Amino acid sequence: MVKAIEGIRMSRSTNEVAIIGVGLHPFGRFEGKSAMQMAADAIGLALADAGIGWKDIQFAVGGSWTVANPDAIVGMVGLTGIPFTDVFNACATAASATKLCADSIRLGDYDIGIAVGMDKHPRGAFTEDPALVGMPSWYAQNGQYLTTQFFGMKANRYLHDHGISTHTLAKVAAKNFRNGVLNPNAFRRKPISEEAILASPILNYPLTQYMFCAPDEGAAAVVMCRADIAHRFTTKPVYVRAVEIRTRRYGAYEVNTTYAPVDEDVSPTVYAAKAAFEKAGVSPRDVDVIQLQDTDAGAEVIHMAEAGFCADGEQEKLLADGATEISGAMPVNTDGGLIANGEPIGASGLRQMHELVRQLRGQAGERQVPGTPRVGFAQVYGAPGTAAATILST
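Presented here is a report on the structure given in the accompanying data block. In this text, all values refer to a predicted model and were calculated from it rather than measured experimentally.

**Details of the overall build of the chain**
At step 1: Across its full length, the chain carries 12 helices and 11 strands.
At step 2: Taking 394 residues into account, the globule formula puts the C-alpha radius of gyration at 21 Å, and the chain, at 20 Å, falls close to it.
At step 3: Within the chain, buried positions represent 58% of all 394 residues.
At step 4: Within the chain, residue pairs in contact and separated by at least 24 positions form 76% of the contacts whose partners lie at least 6 positions apart.
At step 5: About 15000 Å² of surface is accessible on the chain, with carbon and sulfur atoms providing 53% of the total.
At step 6: The average position of the 34 basic charges and that of the 41 acidic charges among the side chains of the chain differ by 5 Å.

Below is the structure:
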């Protein structure tokens, strides 16, 4: 991995954006506590981290699936009359909130704002009317609308095509559980061995019970400002280099699709990652810490290649060599990812931002990446084939 990135354009113009505060409500199950209450806590933590008050926030962006109007949180944190925009983009909701917040500052509309995500999902897999995403009823009646079915099929096909074993899937899950032990905000904080992961019940072949994440509850918030004023608030600003969102193209093999074209195209993650790296002026080899959407262990394996960190099929050796461990050459999901944290959809991508900021500041505690990480990458992916890639740097 290339640690020195002197070639990156590091000048700070007035249209660049810095993160000056992050806040995270723990992920998990919190009986009697609403998603908005969790989000209010996350906002308070982010404001405290930035050293400001809610009165200093000029605008906000909120994302959620289970909360119809995240903007109502102003009733908990302060009725200051600010503009507040709500977004929803499936598993890319928090990345969409990040992009809208950063772009609003970058365009000169505001000096300082906040992005917040929240959700409180019931136990079990997501169940909704397929008509909500433009799908026919038969797609649910034959079981395909259960997303674990698709993820199992996609992982099975990918492993077959690229010579990857189920042991590699177990290594991914075991790594993320180990990292979750080091994260006080994680949902699952107990290590699970590769053997136990492989021996757990198969839910959708080749994915076993402990290779999946779980929908859960939580909230996260990020305060951003113009880069040229960031040092008024912090001595360790982290800059938003790029946030790129892409939907699937014709031919992509994606979740919630009723057909498989003969001539296939690559995933939207490929397009989002390429666009983000181009905009940020860096390459995958410049990245020091990586966050990938590990809805299941197979997803992390697939996204490693789709985001440009390796070629298809190289994951087996990389995992075996420990490359994706916290101490490895390409640390992936240092906070445990979705497998250890679960996925409250509106907050998940902002949880990634929280981890990257902590890592780039050198404040990640026991899970701190060695050396002086300078560039972080985050990727989210969700139905019906929407991906986002975000790049942060010091």
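The structure having been displayed, the exposition proceeds.
**Let's talk about empty space enclosed by the protein**
At step 1: According to the stated counting rule, one finds 2 cavities of 30 Å³ or more in the structure shown.
At step 2: Lining the largest cavity are Phe151, Lys154, Ala155, Asp296, Gly298, Ala299, Ile302, His303 and Tyr381.
At step 3: For the lining of the largest cavity, the secondary structure elements donating two or more residues are helix H5 (147-162) and helix H9 (297-306).
At step 4: For the lining of the largest cavity, the element with the highest residue contribution is H9, accounting for 4 residues.
At step 5: Its residues assigned to classes, the lining of the largest cavity shows 5 nonpolar, 2 polar and 2 charged.
At step 6: Considered as a void within the structure, the second largest cavity measures approximately 50 Å³ in volume.
At step 7: The wall of the second largest cavity is formed by Ala94, Ala95, Thr98, Gly349, Gln352, Met353, Ala378, Gln379, Val380, Ala388 and Thr390.
At step 8: If you list the elements that add at least two residues to the lining of the second largest cavity, you get helix H3 (93-106), helix H12 (345-361), strand S10 (375-382) and strand S11 (386-393).
At step 9: Partitioning the lining of the second largest cavity into residue classes produces 6 nonpolar, 5 polar and no charged.

**Some words on the layout of surface pockets**
At step 1: Taken as a whole, the largest pocket encloses approximately 700 Å³ of empty space.
At step 2: Lining of the largest pocket is provided by 32 residues; of these, Trp65, Cys91, Phe126, Thr147 and Ile345 occupy positions nearest its centre.
At step 3: Of the residues forming the lining of the largest pocket, the biggest block, 3 residues, is contributed by H5.
At step 4: A class-by-class count of the residues in the lining of the largest pocket yields 19 nonpolar, 10 polar and 3 charged.

**Structural notes on the sheet that holds S11**
At step 1: The strand order across the open sheet formed by 9 strands is S3-S2-S4-S7-S1-S8-S11-S10-S9, and the pairing between neighbours is mixed. Of all the strands in the sheet, just strand S3 (84-87) and strand S9 (289-291) have a single pairing partner and so form its edges. Adjacent strand axes in the sheet meet at a mean angle of 20 degrees when their direction is disregarded.
At step 2: Helix-sheet contacts for helix H1 (residues 35-50) involve strand S1 (17-28), strand S4 (112-120) and strand S7 (217-226), and the interaxial angle to S1 is about 140 degrees.

**Notes on the environment of Pro191**
At step 1: Tracing the backbone shows Pro191 in the loop between helix H6 (166-181) and helix H7 (194-199).
At step 2: Along the backbone, Pro191 and Val181 are 10 residues apart, and their C-alpha atoms lie at a distance of 6.6 Å.
At step 3: Among all residues touching Pro191, those that are not within four sequence positions of it are Phe177 and Val181.

**A short note on the pattern of salt bridges**
At step 1: Inspection of the entire model under this criterion finds 20 salt bridges.
At step 2: Across the pair Asp103 and Arg106 runs a salt bridge whose closest N-O atoms are separated by 3.6 Å. Here Asp103 pairs with Arg106, and both are found in helix H3, just 3 residues apart, close to one helical turn.
At step 3: We classify Asp103 as partly exposed; its relative accessible area is 23%.
At step 4: The salt bridge partner of Glu217 is Lys120, with a shortest N-O separation of 2.7 Å. Linking Glu217 in strand S7 with Lys120 in strand S4, this pair joins segments that are 97 residues apart in sequence.

**Concerning unusual backbone geometry**
In most cases, non-glycine residues show a negative phi, while peptide bonds are predominantly trans.
At step 1: Along the chain, Tyr205 connects to Pro206 via a cis peptide bond; the corresponding omega equals 5 degrees.
At step 2: By secondary structure assignment, the location of Pro206 is in the loop between strand S5 (202-204) and strand S6 (207-208).
At step 3: The omega torsion across Ala383 and Pro384 is -5 degrees, close enough to zero to call that bond cis.
At step 4: Position of Pro384 among the secondary structure elements: in the loop between S10 and S11.
At step 5: Residue Ala90 is not a glycine yet carries a positive backbone phi of 55 degrees.
At step 6: In this structure, Ala90 sits in the loop between S3 and H3.
At step 7: Although it is not a glycine, Asn333 adopts a positive phi angle of roughly 55 degrees.
At step 8: Following the sequence through the fold, Asn333 ends up in the loop between helix H10 (315-320) and helix H11 (337-341).
At step 9: Here Asn333 falls in the buried class, since its relative accessible area comes to 0%.

Scoring rules and cut-offs
Residues numbered from 1 in each chain as written. Predicted model: local features only at pLDDT ≥ 70, side-chain atom pairs only at ≥ 80, totals over all residues. Heavy atoms only, no water. Helix = DSSP H or I, 4+ residues; strand = E, 2+ residues; numbered from the N terminus. Rg over C-alpha atoms; globule rule 2.2 N^0.38 Å. Buried < 20%, exposed > 50% of the residue type's maximum accessible area, 1.4 Å probe, protein only. Contact = heavy atoms within 4.5 Å. Areas by Shrake-Rupley, 256 points an atom, 1.4 Å probe, with all protein chains shown as cover. Lys, Arg positive; Asp, Glu negative; His and termini not counted. Charge placed at Lys NZ, Arg CZ, Asp CG, Glu CD. 1 Å grid on protein atoms, 1.4 Å probe; cavity = no way out; pocket = protein on both sides within 12 Å on 5 of 7 lines; lining within 4 Å. Points joined across faces, edges and corners; volume = space filled by probe spheres on them. Nonpolar A, V, L, I, M, F, W, Y, C, P; charged D, E, K, R; others polar. Pairing = 2+ DSSP bridges. Axes fitted to C-alpha atoms, helices over the stretch in contact; angles between N-to-C directions. Salt bridge = Lys/Arg side-chain N within 4 Å of Asp/Glu carboxyl O.

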